[in-house]
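# Topology and contacts: notes
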Amino acid sequence: QVHLVESGGGLVQTGGSLRLSCAASGSIYSINAMGWYRQAPGKERELVAAISSGGSTNYADSVKGRFTISRDNAKNTVYMQMNSLKPEDTAVYYCNLDEPGGHFWGQGTQVTVSS
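Below is a summary of the structure that appears in this document.

We now examine unusual backbone geometry. One non-glycine residue, Asn76, lies in positive phi territory at about 50°. By secondary structure assignment, the location of Asn76 is in the loop between strand 7 (67-72) and strand 8 (77-82). Backbone geometry places Ser84, a non-glycine residue, at a positive phi of 50°. Counting through the fold element by element, Ser84 comes out in the loop between strand 8 and strand 9 (91-99). Taking relative accessible area as the criterion, Ser84 reaches 40% and is therefore assigned partly exposed.

Moving on to the side chain of Arg66. When you line up the elements, Arg66 lands in the loop between strand 6 (57-59) and strand 7. On the accessibility criterion, Arg66 (10% relative accessible area) is buried. A polar atom in the side chain of Arg66 sits 2.9 Å from the backbone oxygen of Ser62. Among the polar contacts listed, one links the side chain of Arg66 to the side chain of Asp89, at a separation of 2.7 Å. Once residues within four sequence positions are removed from consideration, Arg66 is found in contact with Gln81, Met82, Asn83, Ser84, Leu85, Lys86 and Asp89.

This next bit is on the pattern of salt bridges. Using the criterion set out here, one finds four salt bridges in the structure. Among the ionic pairs, Arg66 bridges to Asp89, the shortest N-O distance being 2.7 Å. Taken together, the residues Arg66 in the loop between strand 6 and strand 7 and Asp89 in the loop between strand 8 and strand 9 connect sequence positions 23 residues apart. Each member of the pair, Arg66 as well as Asp89, carries the same accessibility label: buried. Each member of the salt-bridge network shares a partner with another, and the members are Arg38, Glu46, Arg66 and Asp89.

Reading guide: rules and limits
- Counting of residues starts from 1 at the beginning of each chain's written sequence and follows it residue by residue.
- Predicted model: local features are reported for residues with pLDDT of at least 70 only, side-chain atom pairs are reported and counted for 80 or more only, and whole-chain, interface and lining totals are derived from all residues.
- The basis for the side-chain values is all heavy atoms of the structure; hydrogens and waters are excluded.
- Each helix is a run of DSSP H or I of at least 4 residues and each strand a run of E of at least 2, with the numbering of both proceeding from the N terminus.
- Relative accessibility decides the category of a residue: with a 1.4 Å probe and only protein chains considered, values under 20% of the type maximum give buried, values over 50% give exposed, and everything between is partly exposed.
- We define a polar contact as two N or O atoms separated by no more than 3.5 Å, with the added condition that, inside protein, one atom must be a possible hydrogen donor and the other a possible acceptor, whereas residues neighbouring each other in sequence contribute only through side-chain atom pairs.
- Contacts: residue pairs with any heavy atoms within 4.5 Å of one another.
- Between Lys or Arg on one side and Asp or Glu on the other, a salt bridge is scored when a side-chain nitrogen of the former is within 4 Å of a carboxyl oxygen of the latter.

Here it is in structure tokens:
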């Protein structure tokens, strides 16, 4: 069983910053990639950022230049630094782990950006 534990969400003002963390544990044999998705009320879940085990990254256009994803392979942990936050970034953010056996999700952490 794979478990993903997220932390770092909270309430910030427009222009503020947060850093999300996601630590993976359990029966992990190989990781293809880890990433962050988000889902706002009434919206579909969308990919925010992802990073492969080799270090390549992928970002949604809406967050490029503001968010940075990184990882610590030794700790099976992925981070996302979020700067210049906007109200439209308000969502529940979910950590995702992609391994050969499938995808696994964290419980979600709420990010709220006030205007």
